[in-house]
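# Descriptive structure summary
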Amino acid sequence: QKEVEQNSGPLSVPEGAIASLNCTYSDRVSQSFFWYRQYSGKSPELIMSIYSNGDKEDGRFTAQLNKASQYVSLLIRDSQPSDSATYLCAVPRYGGSQGNLIFGKGTKLSVKP
Amino acid sequence: EAGVTQSPTHLIKTRGQQATLRCSPISGHTSVYWYQQALGLGLQFLLWYDEGEERNRGNFPPRFSGRQFPNYSSELNVNALELEDSALYLCASSFVMARETQYFGPGTRLLVL
C-alpha cells in the first residue's frame, strides 16, 4: 500500500456543486494532515490542516478526518472555476520526526462554468 | 509578510553540468526543506536543514547536496546533471517546532538538455 493515496482524477464538477476529494494514508501514527492546492505550473499552496477526528471548516472548504479508517477528505462547497487545480494530500512522515511530508500524487479538479 | 523566495525561476543546463538553486525562508522559520516534482512522479523529499545542519535526506544520490547559511537561507546543488533531473525544485520552510506545517516557495524549474 502506498503511504498516501489519492484518486488522480480528473474530477469534473459543475460550477456551484460540491467537490469531494479523498485521501487514504498508511501510517497509523500520523496526527496531522494537510491539503495543498497546486495550480498548473505553480507551487503548492497550503489551504487546510486538520489534526482531530471530525470536520474542520474554513470558508467554502471543509476537511474531514477519520483516523480509525485512515481517511481524510476535502469538500469544496459552491465550487468555482477558480478552484480548478490539483489538490495534494500530505502527511508528515513518521509523525513529523523525519521532517518531510509525504504527498499523494494529487487529484486534478476541473470546475465547469 | 514575505513568503518563501527562490532563485532562479528557470535554469537550463546540459548533462554533466552543475546546478545551484537558492531559497530564502519565511522570516522566523529556521527549517528549510527541498522537494523535487518531476513529471508524473509527485513531490519527492530531497533534504531538510535546520540550524545549519542537514537533518534528513530523501532517497536521492549524493550528487544532490546542499547547505544552510547562518541567516537560514539555503542552497541546493546538483552535480553531474542527468536528463532525468529535469523537474520543478521546490523549497519549503517552517518553524522547527511545527515542522509539519510547511510553506512552499514558487520553485525553480530546471531543464537539463
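This text follows the structure it describes.
Described in the following lines is the structure provided in the data block. (Residues numbered from 1 in each chain as written. Chains lettered and ligands numbered in written order. Predicted model: local features only at pLDDT ≥ 70, side-chain atom pairs only at ≥ 80, totals over all residues. Heavy atoms only, no water.)

### Concerning the interface of chain A and chain B
- On the chain B side, the residues contacting the 20 residues of chain A number 20 residues.
- Taking both sides of the interface into account, the surface hidden between chain A and chain B amounts to around 1500 Å²; carbon and sulfur atoms contribute 55%.
- For the pair chain A and chain B, the interface holds zero salt bridges.
- Counting the contacts that link chain A with chain B gives six residue pairs in polar contact (both at pLDDT 80 or more). (Contact = heavy atoms within 4.5 Å. Buried area = accessible area lost by both parts, 1.4 Å probe. Salt bridge = Lys/Arg side-chain N within 4 Å of Asp/Glu carboxyl O. Polar contact = N/O pair within 3.5 Å; in protein donor to acceptor, adjacent residues only side chain to side chain.)

### What to know about the pairing of strand β7 (residues 61-66) of chain A
All names here are of chain A.
- Across five bridges, strand β6 (residues 54-58) lies against β7 in antiparallel orientation. Residue K56 lies in a different strand from β7, and its bridge partner there is A63.
- Hairpin connection from β6 to β7: two residues lie between these consecutive antiparallel strands, with G59 at a positive phi of about 65°.
- Here β7 pairs with strand β8 (residues 71-76) via six bridges, running antiparallel. (Pairing = 2+ DSSP bridges. Helix = DSSP H or I, 4+ residues; strand = E, 2+ residues; numbered from the N terminus.)

### Observations regarding the sheet that holds strand β3 (residues 19-25) of chain A
Residue and element names in this part refer to chain A.
- Strands sit in the order β1-β3-β8-β7-β6 across an open sheet of five strands; the sheet is antiparallel. Edge positions in the open sheet fall to β1 (4-6) and β6, since each of these has one partner strand only. Averaged over all neighbouring strand pairs, the angle between strand axes comes to 20°, with direction disregarded.
- Note: β3 against β8, six bridges, orientation antiparallel. Looking across to β8, one finds that A19 is bridged to I76. (Axes fitted to C-alpha atoms, helices over the stretch in contact; angles between N-to-C directions.)

### Regarding the nonpolar core
- Counting 24 residues, the largest nonpolar core has W35, V72, L74, I76 and Y87 of chain A as the members making the most contacts within it.
- The residues touching V72 of chain A, leaving out its near neighbours within four places in the chain, are L21, N22, C23, F33, W35, I50, Q64, L65 and C89 of chain A.
- With 22 residues, the next largest nonpolar core counts A38, L47, F60 and C91 of chain B among its residues. (Core = buried A, V, L, I, M, F, W, Y, C linked by side-chain atoms within 4.5 Å. Buried < 20%, exposed > 50% of the residue type's maximum accessible area, 1.4 Å probe, protein only.)

### Focus: the sheet that holds strand β7 (residues 64-68) of chain B
Residues and elements named next belong to chain B.
- Taken in spatial order, the four strands line up as β1-β3-β8-β7 in an open sheet, and their pairing is antiparallel. Of all strands in the sheet, those with a lone pairing partner are β1 (5-7) and β7, marking the two edges. Strand-to-strand twist across the sheet, computed as the mean angle between neighbouring axes with direction ignored, equals 20°.

### Some words on the state of the cysteines
Residue and element names in this part refer to chain A.
- One pass over the full model with this rule turns up two disulfides over all chains.
- Between the sulfur atoms of C23 and its disulfide mate C89 the distance is 2.0 Å. The chirality of the disulfide connecting C23 with C89 is left-handed, given an S-S dihedral of about -70°. In this pair, C23 sits in strand β3 while C89 sits in strand β9 (residues 85-92), placing the two residues 66 residues apart along the sequence. With respect to class, C23 is no different from C89; both count as buried. (Disulfide = S-S within 2.5 Å.)

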